[in-house]
Amino acid sequence: MTILIDEFKSDSIYWDLFAAEKDLCYRLYKSNGGIKSRGKFLEDLFVEAFPEDERYKIDAMEDAEALNSAFRPRAYRATADADYVYDPDGDFFHVCRDDESGQTCESFYIHRSQFFKPKPYILQGMGVVALAMAAAFQNTQIQMSQMADYIHEAETINSKIADLNKLYSDLNLLLASFTDLSRKYAATVVQPEQNLWSQLVAYGLVSPTHVLKKASVHFRPILLGLDVEAGDDCDWMAFTLKYDETENKIVTKQFPRKNWWTRDSANEAAGQLRWDTKNHYDDPETAALILSLEGTPIHFQIDSADGWRLGSGLALYHDTRLTSEDAATGTNWVPADAILQKTMYGGAYDSGYNADSQNDPTLPLSRYQVDDNDTVGNIIANRKKSLIRVWDVRKYVDDVRQKIECINNTLQTSTARIHMINQDMQANFSTATNMISSVGQQLKQAAKGIRS
């Protein structure tokens, strides 16, 4: 496999150093058998540092523009957690070395300036000061690349935190739009322009495949059984539920009884519901208002059979369900599970029962929500309106706050790395400066001794 790394030869920190000492280097080059002209000899001073051993391997990717299936080293950049990630514009490259069995025993990253190093005869001809400066600047070049990567990462993290802070603010504004946070099924409409779901998906807080209940509420009829004094059985009546937009409340309507002088069973009351009497609300704004009425008492204005006196027992509320449709009779409703039971208050007659608000029950609205579902991804793609419940908003607020804290922790790591690299750079220059100063002092002493 041919790896294209010749272009990194001039990145070596030694390149400019040798170019400045071209005369000395050329003499060394010629004395070691060099045959190129003075203008072209410089590249012959270098040897490929990795892989100088055939067991070293450079992580590379195929270069589509190169001839003969050549490969170009895969670039990486440093991260604050002391790791490296793929980045086409990175300055670091991954090198591995295999042992005799072919297993990777060594793995490290090198800077682009470390691909080539001077040949041995050049190193022998270099002075101590030149070597010290070269080593210092070599390390500095690596540290500056790492510093740039850490700063880039810090800027990216700051940008993420800024975006998350905006999302956090939007969620809190959404939370403030709920008039009563204590209602379990309180909901509000999410407009496509808010881009709420796309933001939550982008930060991994919601999966695009997550199924979301859309705006849809179907009210089914309710059967109400009231205790009467004569006999042990209840008298049953059928009601429909409807949303009154003017008064923003759920209202009821009693179906006429067939026989006013006889007591009806639950099945007889359900038999009065021969047609589809459910009220369907699929407009998101209306559905949100209905769901926000969770816990609000619903008044059932009853008209019991003539001759029956209400007892002081329980009022039983039953759900209904549909059977198959029949062309002659329409949709047939039959009794379903009990929703709740409530102790009756007020007088024994209808007027006393109807006038006492303690008889108004609070029905669990969750029973009337139809599973009209859609995925978050589809809602985003088709720019649909959707509902969001108060407890979901609270959850997302907590999730975003935790994510901000986690990302902020990585920012602290990145900042610490920047300070550490800065200290290393200062120590690097200090070491080089001290070495050069020491060499200068020795040369001065030597010159002084020669004169004396």
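Residues numbered from 1 in each chain as written. Predicted model: local features only at pLDDT ≥ 70, side-chain atom pairs only at ≥ 80, totals over all residues. Heavy atoms only, no water.

Novice: Break down the environment of Arg383 for me, citing the residues and quoting the values.
Specialist: Within the fold, Arg383 resides in the loop between α9 (376-381) and β20 (386-389). Spatially, the C-alpha atoms of Arg383 and Gln191 are 8.3 Å apart, while their sequence positions differ by 192 residues. Beyond its immediate sequence surroundings of up to four residues, Arg383 is in contact with Pro192, Glu193 and Asn195. (Helix = DSSP H or I, 4+ residues; strand = E, 2+ residues; numbered from the N terminus. Contact = heavy atoms within 4.5 Å.)

Novice: Outline the side chain of Asp264, supporting the account with residue identities and numerical values.
Specialist: Considering the arrangement of structural elements, one finds Asp264 in the loop between β15 (249-254) and α6 (266-271). With a relative accessible area of 6%, Asp264 lands in the buried category. A polar side-chain atom of Asp264 sits 3.1 Å from a polar atom in the side chain of Gln272. Discounting chain neighbours no more than four positions away, the residues touching Asp264 are Cys234, Asp235, Trp236, Arg257, Ala269 and Gln272. (Buried < 20%, exposed > 50% of the residue type's maximum accessible area, 1.4 Å probe, protein only. Polar contact = N/O pair within 3.5 Å; in protein donor to acceptor, adjacent residues only side chain to side chain.)

Novice: Could you give an account of the sheet that holds strand β18 (residues 333-343), naming the residues involved and the relevant values?
Specialist: Within a sheet, neighbouring strands are paired by backbone hydrogen bonds and run either parallel or antiparallel to one another. Pairing is antiparallel across the open sheet formed by 5 strands, whose spatial order is β15-β14-β13-β17-β18. For this open sheet the edge positions go to β15 and β18, each flanked by a neighbour on one side alone. Averaged over neighbouring strand pairs, the angle between their axes works out to 35° when direction is ignored. With 5 bridges connecting them, strand β13 (residues 222-228) and strand β17 (residues 310-322) associate as antiparallel partners. Residue pairing in the sheet places Leu226 in a bridge with Ala315 of β17. (Pairing = 2+ DSSP bridges. Axes fitted to C-alpha atoms, helices over the stretch in contact; angles between N-to-C directions.)

Novice: Run through unusual backbone geometry, naming residues and quoting values.
Specialist: The phi dihedral of Asn195 falls on the positive side, at around 55°, and the residue is not glycine. Take Asn195: it is sitting in the loop between β10 (187-190) and α5 (196-202). The class for Asn195 is partly exposed, based on a relative accessible area of 37%. With phi around 50°, Asn248 is a residue other than glycine that occupies positive phi space. Checked against the element boundaries, Asn248 lands in the loop between β14 (234-244) and β15. Judged by relative accessible area, Asn248 falls into the partly exposed class, the value being 32%.

Novice: How would you summarise the nonpolar core if you had to cite specific residues and measurements?
Specialist: Within the largest apolar cluster, 39 residues are counted, with the highest numbers of intra-cluster contacts made by Leu167, Leu171, Leu196, Trp197, Leu200, Ile388 and Val393. Residue assignment for this core shows that the elements contributing at least two residues are β5 (75-78), α4 (128-176), α5, α9 and α10 (390-451). Once residues within four sequence positions are removed from consideration, Leu200 is found in contact with Leu167, Leu205, Val206 and Tyr396. Within the second largest apolar cluster, 32 residues are counted, among which are Leu224, Leu310, Leu363 and Leu365. (Core = buried A, V, L, I, M, F, W, Y, C linked by side-chain atoms within 4.5 Å.)

Novice: Go over the environment of Phe41, please, and point to the residues and values.
Specialist: Position of Phe41 among the secondary structure elements: in the loop between α2 (22-31) and β1 (46-48). With 12 residues separating them in the primary sequence, Phe41 and Tyr29 have C-alpha atoms 7.8 Å apart.

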